Amino acid sequence: MEPGMEELMPRLLPVGDCDLAEDFDPTVPPRTPQEYLKRVQIEAARCPDVVVAQIDPRKLKKKPTVNISISGCQPAPEGYSPTLKWQQQQVANFSAVRQSLNKHRNHWRSQHLDSNVTMPKSEDEEGWKKFCLGERVYSEIDALSDNENLGIDYIKVGFPPLLSIVSRMNQATVTSVLEYLISWFGEKKFTPELGRWLYALLACLEKPLLPEAHSLIRQLARRCSEVRALEESKNEEQISALNLIICLVSRYFDQRDLADEPS
């Protein structure tokens with residue numbers, strides 16, 4: 001340390017010469033404050049100025065793999081790119097939904113759930129996937145018998161994101177369920193059930209975003225753009241739903257690098 005720095009950075013524990021017993025042994029526990037401070041000085045003096053870490057080169061042979069995507073969203077199919085006016089309207093509508101939800105959250109939270117509604121625990125990933133998507137979508141059952149009344153069998157069709165349900169979800173649960181559904185969507189097709197829940201969870205997501213939520217919604221927007229680009233039948237309703245999610249992530253949650261360029 002340079003001489004001048006000593007004055008700028010005085011010692012926190014200045015220790016002068018102190019009278020220590022002749023039988024002072026620095027290897028045994030100190031008995032007085034003076035012995036303790038002297039022992040600290042001795043140990044500090046024994047520390048080398050430079051320390052070289054001992055690294056086993058065999059552990060460096062396998063390079064760690066980190067998957068980080070910094071690319072934006074894939075463009076919409078030709079003729080399906082949303083206009084700027086449409087995007088601005090969706091952001092305004094979404095903002096109104098969030099304000100209404102926050103204003104009436106306590107009211108909806110106090111409403112009794114139907115006897116057949118049992119919300120899974122926050123950490124129950126499979127339970128939440130079945131709860132939101134229904135056994136039919138979750139299990140990818142395409143054929144349905146004619147006598148099945150799916151309109152009332154929520155176990156099969158999934159529970160809709162009712163205000164009385166989402167108002168009971170704290171931010172940790174909202175983030176967890178969002179993660180579960182995005183994970184499922186990463187390998188599966190887009191469905192109306194999934195779209196309704198994604199919209200509702202985004203409406204419940206508080207700003208400013210936590211790092212985990214920030215990463216999740218960016219992942220969601222990119223996945224929507226991938227599915228949209230691969231949409232062979234050009235289902236206008238589905239493309240519109242995917243456009244909506246990308247719009248909300250990019251323009252409401254300020255992820256502008258993911259936004260669709262106005263057509």
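Since the structure is predicted, the reported quantities are computational estimates derived from the model, not experimental observations. (Residues numbered from 1 in each chain as written. Predicted model: local features only at pLDDT ≥ 70, side-chain atom pairs only at ≥ 80, totals over all residues. Heavy atoms only, no water.)

Another point: the side chain of T173. For T173, the location among the structural elements is in helix 7 (residues 171–185). The residues contacting T173, other than those within four sequence positions of it, are S122 and W128. (Helix = DSSP H or I, 4+ residues; strand = E, 2+ residues; numbered from the N terminus. Contact = heavy atoms within 4.5 Å.)

Another aspect to go through is the side chain of R98. Of note, R98 is situated in helix 3 (residues 84–110). Notably, R98 is buried but unbridged: the nearest opposite-charge side chain belongs to E206, and the N-O separation is 8.0 Å. A polar contact of 3.3 Å, which involves the side chain of R98, links it to the backbone oxygen of A203. Looking at R98, its side chain comes within polar contact range of the side chain of Y252, at 2.8 Å. Setting aside anything within four residues of it in sequence, one finds R98 in contact with L202, A203, C204, L205, E206, K207, Y252 and F253. (Buried < 20%, exposed > 50% of the residue type's maximum accessible area, 1.4 Å probe, protein only. Lys, Arg positive; Asp, Glu negative; His and termini not counted. Salt bridge = Lys/Arg side-chain N within 4 Å of Asp/Glu carboxyl O. Polar contact = N/O pair within 3.5 Å; in protein donor to acceptor, adjacent residues only side chain to side chain.)

Over its 27 residues, helix 3 runs 39 Å from end to end, which matches the ideal 39 Å to within 8%, given 1.5 Å per residue. Among all positions of helix 3, only Q87, Q90, V91, F94, R98, L101 and R105 are buried. Of the surrounding elements, those touching the buried residues of helix 3 are helix 6 (163–166), helix 8 (192–204) and helix 10 (236–252). (Expected span 1.5 Å × (residues − 1).)

We now examine the packing of helix 4 (residues 125–138) against helix 8. A packed helix pair is summarised by two numbers, namely the angle formed by the two axes and the spacing between the axes. Interaxial distance between helix 4 and helix 8 falls to 9 Å at its minimum, and their mutual angle equals 165°. Considering their axes alone, helix 4 and helix 8 lie roughly antiparallel with respect to each other. Note on packing geometry: the crossing formed by helix 4 with helix 8 is right-handed. The residues of helix 8 that touch helix 4, namely those facing W128, F131, C132, L133, R136 and V137, are E193, L194 and W197. Residues belonging to the contact of helix 4 with helix 8 are distributed by class as follows: seven nonpolar, no polar and two charged. (Axes fitted to C-alpha atoms, helices over the stretch in contact; angles between N-to-C directions. Parallel < 35°, antiparallel > 145°, perpendicular 65-115°, else oblique. Left-handed = near helix turned anticlockwise from the far one by under 90°. Nonpolar A, V, L, I, M, F, W, Y, C, P; charged D, E, K, R; others polar.)

A few words now on helix 4. Between the first and last C-alpha of helix 4 there are merely 12 Å, a value that for 14 residues lags more than 12% behind the 20 Å anticipated at 1.5 Å per step. By the largest-angle criterion, C132 marks the main kink of helix 4, which is about 80°. All buried positions along helix 4 are accounted for by G127, W128, K129, F131, C132, L133, G134 and V137. At the exit of helix 4 stands E140, carrying a positive phi of roughly 55°. (Bend = angle between axes of the 7 residues up to and from the residue.)

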